[in-house]
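Descriptive structure summary
In case you want the letters, here they are:
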Amino acid sequence: MKRKTIIGAVVALGVVGIGFAFWMMWRPEIAAVSPPQSAGKETLDRGRRIVEAGDCAVCHTRPGGDYMAGGLPLITPFGTLFTTNITPDPETGIGKWSLPAFERAMREGIARDGHFLYPAFPYVHYRKLSGADIADAYAFLMSVDPVKYTAPENHMVFPMNFRALVSFWNLLFLHGDPLEPIPDRSAQWNRGRYLVEGAGHCSSCHSPLNLIGGEKSSELFNGGVVDGWTAPSLRGMADAQHPWNEAQLVAYLTGKVAEDHGAAAGPMLPVSLSIAQLPVEDAQAIARYILDLKKTSSDATSPPCPPAANPTAKTLPGAALFEGACASCHSSAAPMRTLDSRPALVNTSAVRADSPRNLIQTILQGIPMSTAAASHYMPAFADSLDDIHLAAIAEYLRNESCPTRPWTDLDKTIKSIRTQE
Ligand code: HEC
Ligand code: HEC
Ligand code: HEC
């Protein structure tokens, strides 16, 4: 090769390299617009449905704050991040965003001015939505009351405070196109898949995450940990030892008490209250899709819990504590149990799970009062039960439900949850 050609090739490579580096770190701004005219009622209704299916308000409305005005802190392993104001206020919200700017944020995680958004905003899932659904969601958000509010500054740890690093994360985890229906599956199954994998972003909590916070693609839906709660595996629910059917799952997913299983608590409660706002066909489609998720080889199967032939639990110290603190609502004689066909606690996932985490969390936090599920209120016991009493009640319930596999990490789990509070 001639010298000139070599120099030419090196220069060309350099230009491509610098171009690539720029592309990795920076995206152009999309011009500001004035908030668009209000859309028609049908568009707004469709948009509201996407926004409910996507739980936007669960993250973008802080407790006591205005609808969609942001400010909820999200605690991640990389620091604390605050959700932003997505009302149409032009200065502090997204009032100057055009539809293309909004669509780019939803599909690529880039803000209107070109900065990278952190993937705590689940754009890896929203990118699977159809263009029509994104446009409807945009029209709906542009119709909510504009609110002047700016969220507090984020506290991300070094080096995660450099947003441009997100572009490397995106190279690894951001792919896939809007979901197309799979032709040989039913319309209901396809709708369920679209809601679960797209707007519902269920796998973001129900999958194990790798060290840099990406979902492990080989273990999707195998269960994860979120805010100190276990989000159980969603695989094999139809043939679990204590199986779920469609009606039970629909009840659970819409914020009601599922016969023989119980009701959602913790981070799942707001998700279920959002799904409750959707037409019931959507909840049924989600249930159908979930019931079709089979166990995979990487999804550890726990040995079954045979019921005690000869329960000794009544003599455990926790039995008396349970009588005092819980039985008025949870014993088989409690009047509350006959309402709603509520489950015996021994049948609930919280008591049957391999980890005591969700039982401890439920007892400590209770189940807050919510309008959609007013009869589900359970008081929080964080201040009235000490660690020893808490462990004793958990040991008693576990012994009733799975005497052959007692929890061995009760004290440790209680300590770690208490110190997170
Ligand atoms: C799990 C929590 C979560 C959910 C659910 C969520 N978001 Fe967000 N969203 C965030 C966070 C956190 C940010 C800020 C990210 C950052 O600053 O890097 C954000 C940022 C955004 C932004 C960029 C706004 C700006 O000013 O830069 C838009 C637009 C947005 N979200 C829209 C939505 C929509 C629409 C939905 C529902 C379909 C939704 N979000 C659901 C957490 C969430
Ligand atoms: C913000 C995190 C989060 C998101 C998003 C989420 N879940 Fe959950 N889910 C949880 C947690 C935590 C629990 C355990 C709640 C409890 O024990 O009360 C749970 C429990 C469940 C259960 C009960 C499982 C069992 O064995 O008891 C089902 C079913 C479920 N989720 C389905 C879904 C579906 C479907 C979606 C998407 C539409 C979804 N979840 C989205 C966190 C989440
Ligand atoms: C004032 C009534 C009340 C009291 C007292 C109460 N609970 Fe509850 N609890 C509820 C209601 C309502 C629910 C939600 C409906 C359901 O799942 O049965 C619930 C749910 C639960 C669940 C979650 C079941 C699931 O769906 O995963 C557990 C575990 C639980 N309670 C344990 C306890 C324990 C242990 C105590 C005593 C320390 C206690 N509760 C005291 C009313 C109560």
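Please read these numbers as outputs of a predicted model, since none were measured by experiment. (Residues numbered from 1 in each chain as written. Chains lettered and ligands numbered in written order. Predicted model: local features only at pLDDT ≥ 70, side-chain atom pairs only at ≥ 80, totals over all residues. Heavy atoms only, no water.)

Some thoughts on the packing of helix 4 (residues 99-108) against helix 6 (residues 131-141)
Defined as follows: The axes are straight lines fitted to the C-alpha atoms, using for helices just the contacting stretch, and the angles between their N-to-C directions are given from 0 to 180°. By the criteria applied, helices consist of DSSP H or I runs no shorter than four residues and strands consist of E runs no shorter than two, each listed in order from the N terminus. It is the rotation of the near helix from the far one that decides the hand of a crossing: anticlockwise by less than a right angle makes it left-handed, clockwise makes it right-handed. Contacts are assigned to residue pairs with any non-hydrogen atoms lying within 4.5 Å of each other. Ten residue types, Ala, Val, Leu, Ile, Met, Phe, Trp, Tyr, Cys and Pro, are classed as nonpolar, four, Asp, Glu, Lys and Arg, as charged, and the remainder, Gly among them, as polar.
Relative orientation of the contacting elements helix 4 and helix 6 amounts to 115°, with a least axis distance of 10 Å. Classified by chirality, the crossing of helix 6 by helix 4 is right-handed. Only Gly 131, Ile 134, Ala 135, Ala 137, Tyr 138 and Leu 141 of helix 6 make contact with helix 4, whose side of the interface consists of Leu 99, Phe 102, Glu 103, Met 106 and Arg 107. When its residues are assigned to classes, the contact of helix 4 with helix 6 shows eight nonpolar, one polar and two charged.

A few points about unusual backbone geometry
With an omega of 0°, the peptide bond between Phe 158 and Pro 159 qualifies as cis. Located in the positive-phi region is Phe 221, a residue other than glycine, with phi close to 70°. In this fold, Phe 221 is placed in the loop between helix 9 (203-206) and strand 4 (224-226). Here Asp 260, not a glycine, exhibits a phi torsion of approximately 70°, which is positive. Mapped onto the fold, Asp 260 is located in the loop between helix 10 (246-253) and helix 11 (268-275).

A word on the site of ligand 3
Defined as follows: Any residue with a non-hydrogen atom lying within 4 Å of a molecule or strand is treated as near it. In protein, a polar contact means a hydrogen-donor-capable atom and an acceptor-capable atom, both N or O and within 3.5 Å, with residues adjacent in sequence counting only if both atoms are side-chain atoms; elsewhere, any N or O pair within 3.5 Å suffices.
Near ligand 3 lie 26 residues; those nearest to it are Cys 326, Cys 329, His 330, Arg 342 and Met 378. In the model, an oxygen atom of ligand 3 is placed 2.9 Å from a nitrogen or oxygen of the Ala 263 main chain. The contact in question runs from a nitrogen atom of ligand 3 to an N or O atom on the side chain of His 330, over 2.7 Å. Looking at which element gives the most residues to the shell around ligand 3, the answer is helix 17 (residues 357-365), with three residues. Residue classes in the shell around ligand 3 are distributed as 18 nonpolar, seven polar and one charged.

Brief notes about the site of ligand 2
Surveying the vicinity of ligand 2 reveals 26 residues, the closest of which are Cys 202, Cys 205, His 206, Met 268 and Ser 349. Measuring from a nitrogen atom of ligand 2, one finds a side-chain N or O atom of His 206 at 2.8 Å. One nitrogen or oxygen atom from the side chain of Asn 358 is found 3.1 Å from an oxygen atom belonging to ligand 2. Breaking the shell around ligand 2 down by element, the ones donating at least two residues are helix 9, strand 5 (229-231), helix 10, helix 11 and helix 12 (280-291). Across the shell around ligand 2, the residue classes tally to 20 nonpolar, six polar and no charged.

Topic: the coordination of the iron atom of ligand 1
We apply this condition: Each metal site is built from N, O and S donor atoms within 2.8 Å (3.2 Å for Na, K and Ca), and since water is not included, such sites may look incomplete.
No other protein atom reaches the iron atom of ligand 1 as a donor apart from His 60 (NE2), found 2.0 Å away. Relative to the helices and strands, His 60 resides in helix 3 (residues 56-60).

Observations regarding the domain arrangement of the protein chain
Going by this rule: Start and end points for every domain follow an automatic or database-based domain assignment. Buried area is a sum: the accessible area each of two parts loses on coming together, probed at 1.4 Å, counted once for each and added. Definition used for salt bridges: Asp or Glu carboxyl oxygen within 4 Å of a side-chain nitrogen of Lys or Arg.
Domain boundaries in the protein chain define domain 1 (23-173), domain 2 (187-291) and domain 3 (313-420). The centre of domain 1, based on its C-alpha atoms, is set 23 Å off from the matching centre of domain 2. Contacts between domain 1 and domain 2 engage 18 residues on the former and 23 residues on the latter. Carbon and sulfur atoms make up 60% of the surface buried where domain 1 meets domain 2, a total of about 1800 Å² over both sides. At the surface where domain 1 touches domain 2, the tally comes to one salt bridge.

Quick look at the coordination of the iron atom of ligand 2
Filter applied, for reference: All geometry calls rest on donor angles, where a four-donor set with angles between 85 and 135 degrees is tetrahedral, four- and six-donor sets with opposite donors more than 155 degrees apart and all others between 65 and 115 are square planar and octahedral, and all else is irregular. Burial here depends on accessible area, computed with a 1.4 Å probe over protein chains only, as a share of the maximum for the residue type. Under 20% is buried, over 50% is exposed, and the range in between is partly exposed.
Every protein donor of the iron atom of ligand 2 is accounted for by His 206 (NE2) and Met 268 (SD), and the metal-donor separations fall at 2.0 to 2.3 Å. Bound by six donor atoms, the iron atom of ligand 2 shows angles of 89 to 180° at the metal and therefore octahedral coordination geometry. In this pair, His 206 sits in helix 9 while Met 268 sits in helix 11, placing the two residues 62 residues apart along the sequence. With respect to class, His 206 is no different from Met 268; both count as buried.

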